[in-house]
Structures are given as structure tokens and as C-alpha cells.
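Observations on the three-dimensional arrangement
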Amino acid sequence: MAATSISQLAPPGLNQIIRVRITRIWDCIVPTSQRVIGLAFLATNNQEQSIHVQIGQRGIEHYRALLIEGALYLLSAFRVSRPNINLIAVRSSQIIWLTRRSHVIPIDDYLGPYPRHSFDFNCEHHLPQMANRNRFLAGMLTKPGEHDPYLTSCCATKIFVNLELNETAMVQAMKKPWPKMVVKDETSDKTLDLFLKIGLDERTARNTIANNKVTANLTAVIHEAALTDGCDRTIGNLLYTVATKYPANAIVHRPKLLQYVVSSKIKSPAQVEAAFSFLSDVASDNFKQSEFEEACGVGVEVSVEEITQTVNEIFEEKKAEILERRYRTSVGELLGSVMKKHRWGDAKIAKQLVDAKMYELLGERTAADDEKPSKKREKKEKPAKVENKVAEVTPAPPSEEELNPFLIFPAPEDNIKVHTEVFFSNGSVLRCCNTREMLDKHLKVTGGRVFTRFPPEPNGYLHIGHAKAMFVDFGLAKERGGWCYLRYDDTNPEAEKKEYINHIEEIVQWMGWEPFKITYTSDYFQELYDLAVELIRRGHAYVDHQTPEEIKEYREKKMNSPWRDRPISESLKLFDDMKRGLIEEGKATLRMKQDMQSDNFNMYDLIAYRIKFTPHPHAGDKWCIYPSYDYAHCIVDSLENITHSLCTLEFETRRASYYWLLHVLGLYQPYVWEYSRLNVTNTVMSKRKLNYIVTNKYVDGWDDPRLMTLAGLRRRGVTSTAINAFVRGIGITRSDCSMICLDRLEYHIREELNKNAPRVLVVLHPLKVVITNLEAGSVMDLDAKKWPDAQDDDKSAFYKVPFSNVVYIERSDFRMKDSKDYYGLAPGKSVLLRYAFPIKCTDVILADDNETVLEIRAEYDPFKKSKPKGVLHWVAETSPGADPLKVEVRLFEKLFNSENPAELDNWLADLNPDSKVVIPGAYAVPALRNAAVGNTFQFERLGYFTVDKDSTAEKLVFNRTVTLKDTYGKGGK
């Protein structure tokens, strides 16, 4: 069969093209209509074919299918008469349906007149990532009378059905006009009818149906109130308010409130709002009925006469103002004054009385009442001329959030509200929150203090992203007068090393943080095991024997493991066998029984325990089963009574499993909040990538100064103060996917070092200058400033530099040809040597190539009469023929050329070959001779440098921390 294109058959109004290629069979372009997408699959000879599907630019999925002879394609897209289709069997041919959001398509609309009992469907989820916002409504249909399976919005589903179609009939069918799709949604119709019965207008009802969450809540409220047969509009509007605004932390009391609404004991929006406020405070605790009724005004009757009297009093009080402003008077303010005195009065009656009183006082509205008041333009006085050209700009005061970024976090005693809602595929919703009893028990242990934790995995060195995590975790605890644990999340013994554990503890201290306690997840291995046994006993975990590949496949298909429903006693015995080392590694895992049909892939029966016959760095060889992060992390948070469990946004989808596990075990639930991770340009932050370039020696270890590891930054000369200032300046936000420019970090580094780094003179590429009018061998000790604002009477602010007849300047500070915009040295030109004298170039000694400058001859001005513009740094010989102090200087640039190398397929090719330049023979002043490892200096005109650990007694090594140039500061902070 030759390749054929059917793009000419596309109907109007298309918004996407889907291309389907089937090996050796067909090249088919199927358009995407506004309502439904169809993919047509064709094949012959029952051969297994490879199908390549590309949908727009969103991604590529590969499917393999057995396709029967003839055609299998979307029945709704092309008209095919009944005689041309013969049902032959249910086998493994595939048809993929993609439906657009808010459209729910019954199977009957596609199968036409065929008897329902003739078909056997197998519906299952596919591409679960497309269904995060909509639960899938589906079922198995094997007998007449069962519920219809549905395909819902933003969801892709495989329907297994074999159809045989004559090819000629298929081609003729495709040439017919594109049919109009009539979508029938019986569920939506029933829901709409239910909402109309309680008095909602049709527009509101339809808008409500478009919101799945409100629809579910309102449907539940109507059933709880036993009003499925309808009610008057007043009660219906109150039910709608309950469905949309009811406090989630008090869901257990909602039926009680609905009883008051149905019985008209609570009959106004004000009373409902008062009920919300009261129930939100009591949460799930019991309350006294009398207190509730008092708070909600139950039994309080406000007569029309009382409201009328109050309206008259208010109008009499504000009469002059109303007469002056007429109908421009704010009716809302008048009504507010009335309702302030009669909180439980009928607002509609009050509004009618206010309107009537306005008409009685003012009469009919006039055209003047509708005119907008004219705004008188005041002449702006011209500002007085300011003699100073540059005006002082007063910086705006910092915002409250900038002064204290931790204001966004709640107090521990407020941790009783619903943390999150976990939606299950069966339609139920788990609203996770602490009970009052549970919270009180927690507060008794903590004394109401904030407890946080910094939980790094000891499988690598910490990087600057961890600096932000430390700032959030330790910073919140410090600001609230609480404590922060340093907890090693050591659940994977194969990747963890004692080296990493020691490094983390050292770096935390260097960053200025003091842990409350240093703990390990492995400290709780026994408690974790006991809770896992309890989890099995409660029916929420099972021992599974699927391989990792099978688990992956079953998760993709949203299928339950064959061992999911094994007896509890069997799982308990097998789990004990796992613990005792009686089962081989890889042959069994303990999995949590969550929801394999959930829209959240982090609820797909996550692994709780796996077998690893590997000694543990901290726990030794006591255990051969180890808990997973998903199982251990939340439980240890609870066991340590953590009040605020703070993590980065990639963990947000794990909230459901976090709270589900604590809920089913009946454990205290910390407050979880996610913030954006720190991404810095021109580097990689992934531990996997960092480990790769370290182990493969693309860099010189974990503390290479080019890396954004904290050890690397420290070795480069960056201070912890600068890092913390950088992190604080970024703030604690949920704005993800943003890259922070490296210049911003360098700005904070300069700000810190400018205050703390003493100035010295160093020449990187020395060029010899012989001063001919200064006696050879004579040496003068001159004063040089350590600090630019040094006072003359402060001797500690100065150091001595020798000046002799042989000095060295930077080779780049000399040119053979002068120019107006050049301030360096040139033949016949003068410059000032910093802290010394002006010198004038009188001669140049060239090499044999007549280009390379070997030496410069110059004369100095001992009386400093000349005033040259150029100022150069320099270093002199301390004695005749003796070179100055020789040091090695390492210049570091960005490690990667691209801002975001992690996005590149070949990210290693983006490594900057010039990221490290070593200068072995730089000259320095003698004052640097006793510099110690970690000391930082400003090399004048060059940048900030720190003494590296590779230094020896014979030779100092300096790392450039940052240059003097500040591009970030100039652009605004």
C-alpha cells in the first residue's frame, strides 16, 4: 500500500495537526478538531508494527500494537455505514482517544446501533500526567445494564476492540463531509438538574459544573442536607455558600450546620459567615451548641420596624451630607451602618428601606446626579532650582517581608487546619489535619516552640542550593526562638560515605548555623520497622515481588500488582523474612497500598522497604532492609515533632503521600511548605552531574573553586556571610523555574570583601622597569594603605612597601603607541606608581623580534611635581638582583559557557576550557609572605584573592574570588 495523505479531508477550525506514522503501511495526517482528537491506525497481515506518534511539539510516545487486516480508526471522525463493520473479537488492537477539557464522551456515541452486550471493553488509564486536574470516570462493561464507561477531559485512554473494515469503504467514508459531533453528557445533565432544583439560575449552575471541585462539594452538600428533590432559592443560595466557603478543617461539623440551614434557624448570609468563623476556630473539636447558636445569632429576630427605625436615625444623622451629595452618596456605607446595629437583620429588607428613604428625601434622579464630578486641576508649582547637579536619592525603606522573610509561616499552635486534600480515584477525598488532642500533645512536648530540620542526604557535598535550605530551616527556627535539627537522611547505604557526613557537619557550622541536635534517619530504624508492621496490619501495605521494570510498566498502565491483595498474615510473614535476610535482594519489596488509579503518580503504591545486603555507614550491619525516603521522611518528621517541614517545590506532588501515610498511622502531621529551589547560571546543581564531573576529573575535586559547592565557594574565598546575604536577598518564594544570575552572587561577595579584605600590591604579568635616576641598591620603605579610608594617624591601617630602582608593572599597562583614552605607560609618557612617585618612560628595550618588550627605562620624579592621570600598581625588588616575592595565582571564570547547561543534551561540551588559568610567576609585596590559608586580600586593580590550601612554605597560591567589576550593582540590586 502506497503512503497516502488525507490532510485535504480536514474540516475547518482546526488548531493542531497530529502526524501518525505506521511502519511500511500508512502516512496519515489526522487533524485536531475543536472537540475531539482522533488517531487512525492502519495495518495488514496481523503483523506487529512500530507506531510513532508525535502530537504537536509536546512530546513523542511510542506504542506497539497488533493491528488486524483492514482499518481501525476513530468512528466519530469519519462516517462509516453499519454493513462495512464486522465485530470479530476482542484482541489487542489499539485505538487511542484524546478528549479535550470539559468534554465527557459516552461510549454509545461512537458505537451507534450495536447491542451493548455484544462488546467487551477493557478501559484503562494512559498518559497519567495529562490527567492531573481531572479524575477519570471509567468502569468495565461486560453485561447489559452496567454504568457506561466514560472518557473524560485531559485524559488519554486505550480501548481494546477489534474491527474489520473494507479498505474501499474506508476511503469512501473519509471523503464524506466531516460529521458534526453531538456530545451527550448524562452525568452533567443530571448534575445540572440537581443544581437547578435548589434554585440556582442556569448560568450559575453551568459555571459551577465547569469547576470539578465546586461541583463535588456542592453535590455532597445537597446530599448531606437531604435536599436532592429541591428546595427554595434562599436555602439553595446558602447551600452554595457552604459548598464554596466552608472551612476545610471543620468538615466533620458541616452536616450540623446544614441542619440549621434546612430548618431555617440559620437563614442569612451573615449567619452562615459567622458559623464559618466559629467552626474554623473549633476545627474538628466538639463544641457547645449554645455557644454556636449565640455566635451565629440563632433565634435572634430583627423586625422590620426595628430596621426602619435605625434607617430613619441614620438618615437624620447624615441628612446634610446626603442632601449635598444626593445620589452620589454611598448607599453601601449607609447600609453598612444599618447592619452594624442589626447584625442578624435581613440585608435585603434593609437595602429596600435605604433605597426608599433616599427617594423620599431626594426625589427622582436628575441628569446632574449621573454626571461625574469634575476634577479641578491644581497648578503644580515649579520646583525651585537646585544648585547641586546630583540630588541625593533616599533609598526606599525595606519592606516588612524583606526585614523578616519568615512572617509567611504560621505559628505551631495554628497547625490544626487542613494541610492538603488527597483525591482518590473512587471519588473520596481525604482532608488531612491534626486533631485538637494530637496538636495539644505535640505542643506539650515542644513547649510551643518552632522545630525545623535540615535533612541532607550524605551522598555528596553540599552546594549553594543547600545554603538556601539552611537559611530557611535554621533561619526560621532562630527567628522564632526555636530549634533546628541537623538530620542525615541516610536511607541508602550504597551511596553514603563517612566523608560526606563529616563534610556536612563542618559546612553547617561554617555557614554559621548551630543544630539543636544531630540525628540520623537510621537512629529511628527500629521505630520505622515497627510502624511498617503496623501499616501491614492495618491493611495499608503489602509485600510485592515485581521487578523494577514490572513496577514501572504497571504504574504506567495504572494496574495493581498481582500481590496487592495478598492476605495480611502472608505479608507480615514475608516482611519478617525480608528483615531476617531470608529473601534475596531484589526479590521482594514492601509497598504502601495507596491508589494506583490516582491522578498523582506519587500515590502509585510507593515502595516503603527494599532489601540491600550492604552495611550501613552509621547503623552498621544490623539491618538488611532499608526504608525509602517516601516512607521514612514524613514519619521521622513526626517522631521528632517537627513543626515546619520545609522543602523545595519538586516535592510538592509528594504532599499527598506524606500526609496519607501519617494519617493512616495516626501520627502528628507537621506543617509542610514548599519553596522554589535555587538555580544559579553557568553551573550545574544536580548531584548526579556534580558527581560525574568530579569523579571523571573534569574539575579538581568537590572543593574545586569553580563549583557551586559550598566547599568550592569557601576555597575560592567566598564568605558564609556573603552567601547568606545572597540567599536572604532572593527571598523565600514559590516562584519556580527562575535562574539567578551569577552576577547577583558576585555582588554580595564584593560587598562583603570590600569591607573586610585588606589591600595589597601584586603584579600578575611582570614587566621590568629600571629607574635610571635612582641609585642602584637604594631601597625606600613607603607607606601603603590597607584600607581606602585609612586615617593618617592609624598606623595599623598601613603596611610598608619597598621602592627601589627596579620595579615591575603589569605588561598590559605599557604600550608602544599612546592614545587619548589610554592611561597606562608609553614612551615619553608619565604615570603615577601607587603610593610612590611619578615615573616617565625614557627608553624601551626590545627583543630580537623587535616587538617583544623586555625592559623599560624610566626616570622618577622625587618631588612629585608632575600630576599624571594614570595610576599603576607595581612591585619592587627588595635588594639588587633579588626577585620580588613570587606567588602562583589562579584565575577562575564561569565553569560553563551557557547560562543553563543542564538543559543541553551534550552539557559536558559546554564546559568552559578557560575556566581556570594558572599564573605561576606573579610578583607580590613582602607583606604577603606570612599570609595563611583562607586569608583574603584585594589585589589593587585586579580583584579579590584568597590563599589556597595548596600553598607551601616555599610558594603561596592565591585563588581569585571575584573581579572588581560589578555588573549587577550597576544594573540595580
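Numbering of residues begins from 1 in every chain and follows the order in which that chain's sequence is written. Local features in this predicted model are restricted to residues whose pLDDT is 70 or higher, and side-chain atom pairs enter the listing and the counts only when it is 80 or higher, whereas totals over whole chains, interfaces and linings include all residues. Side-chain numbers here rest on the full set of heavy atoms in the structure, without hydrogens or water.

Looking at an unreviewed UniProt entry, one finds the chain named glutamine--tRNA ligase and attributed to Corchorus capsularis.

Remarks on the environment of Val272
To keep it simple, the criterion reads: Starting at the N terminus, helices and strands are each numbered in turn, a helix being any DSSP run of H or I of at least four residues and a strand any DSSP run of E of at least two. Here the term buried applies to any residue with accessible area under 20% of the maximum for its type, exposed to any over 50%, and partly exposed to those in between, with areas from a 1.4 Å probe on protein chains only. The contact criterion used is simple: two residues touch if any of their non-hydrogen atoms lie within 4.5 Å.
With respect to the secondary-structure elements, Val272 resides in helix α8 (residues 269–282). By relative accessible area, which is 0% here, Val272 ends up buried. Separated by twelve residues in sequence, Val272 and Tyr260 place their C-alpha atoms 9.7 Å apart. Each residue touching Val272, except ones within four places of it in the same chain, is listed here: Leu238, Thr241, Val242 and Ile266.

Here's the deal with unusual backbone geometry
At Asn641, a position not held by glycine, the phi torsion is positive, near 55°. In this structure, Asn641 sits in the loop between α22 (629–639) and β22 (644–648). You will see that Asn850, though not glycine, has its phi angle at about 60°, which is positive. Along the chain, Asn850 falls in the loop between β31 (838–846) and β32 (853–860).

What to know about the pattern of salt bridges
Selection rule: Salt bridge criterion: a side-chain nitrogen from Lys or Arg within 4 Å of a carboxyl oxygen from Asp or Glu.
If you walk through the whole model with that rule in mind, you get 47 salt bridges. Note that Lys267 and Glu301 form a salt bridge whose closest N and O atoms lie 3.2 Å from each other. With Lys267 in the loop between α7 (254–262) and α8 and Glu301 in the loop between α9 (289–296) and α10 (304–317), this pair connects stretches of sequence that are 34 residues apart. For Lys267, a relative accessible area of 43% translates into the label partly exposed.

Some remarks on the side chain of Ser598
Mapped onto the elements, Ser598 comes out in the loop between β19 (589–592) and β20 (607–611). Aside from chain neighbours lying at most four places away, what touches Ser598 is Phe423, Ser425, Lys558, Met603 and Tyr604.

Overview of the sheet that holds β20
Our working definition: Only strands joined by at least two bridges in the DSSP assignment are considered to pair. Here an axis means a line fitted to C-alpha atoms, over the contact stretch when the element is a helix, while the angle between two N-to-C directions is reported on a 0 to 180 degree scale.
If you walk across this open sheet you meet the four strands as β18-β19-β20-β21, and the pairing is antiparallel. What marks the edges here is a single partner per strand, and that holds for β18 (541–544) and β21 (625–627). Neighbour to neighbour, the strand axes of the sheet diverge by 20° on average, direction disregarded. With four bridges connecting them, β18 and β19 associate as antiparallel partners.

Points about the sheet that holds strand β15 (residues 451–454)
Pairing is parallel across the open sheet formed by three strands, whose spatial order is β15-β16-β17. Each of the sheet's edge strands pairs with one partner strand only, and the pair in question is β15 and β17 (518–520). Looking at each pair of strands side by side, their axes are set apart by 35° on average, direction ignored. By the bridge criterion, four bridges tie β15 to strand β16 (residues 483–488) in an arrangement that is parallel. Across the sheet, the residue bridging to Arg453 is Tyr485, located in β16.

Describing the side chain of Thr241
Residue placement: Thr241 occurs in helix α6 (residues 233–245). On the basis of relative accessible area, Thr241 is assigned to the buried category, the value being 18%. Those residues in contact with Thr241 that lie beyond four places of it in its chain are Tyr246, Val272, Glu273 and Phe276.

So, the nonpolar core
Short version of the rule: Only buried residues count toward a nonpolar core. Its members are Ala, Val, Leu, Ile, Met, Phe, Trp, Tyr and Cys residues joined through side-chain atoms within 4.5 Å.
Judged by nonpolar contacts, the single largest core of 54 residues is most densely connected at Phe803, Trp874, Val889, Leu928, Phe939 and Phe958. Once you skip the residues sitting within four places of it in the chain, Val889 turns out to touch Leu764, Val917, Val918, Ile919, Ala922, Phe939, Phe945 and Phe958. Counting residues in hydrophobic clusters, the runner-up holds 49 residues, among them Leu476, Ala477, Ile501 and Leu710.

Observations regarding the packing of aromatic side chains
Which entries qualify depends on this criterion: Ring pairs shown here join Phe, Tyr and Trp side chains whose ring centres sit within 6.5 Å, with only the six-membered ring taken for Trp; geometry is labelled stacked below 30 degrees between planes, edge-to-face above 60, and tilted in between. Cation placement over rings: the criterion is NZ of Lys or CZ of Arg within 6 Å of the ring centroid and within 35° of the ring normal.
Scanning the model with the defined rule gives 36 aromatic pairs in all. With a centroid separation of 5.1 Å and 90° between ring planes, the pair formed by Phe409 and Trp673 is classed as edge-to-face. Placement of the pair is Phe409 in the loop between α15 (400–403) and β13 (420–423) and Trp673 in strand β23 (residues 671–675), with a sequence separation of 264 residues. Of the two residues, Phe409 and Trp673, neither departs from the other in class, the shared state being buried. We note Lys689 situated over the ring of Trp907; from NZ or CZ to the ring centre the distance is 5.4 Å.

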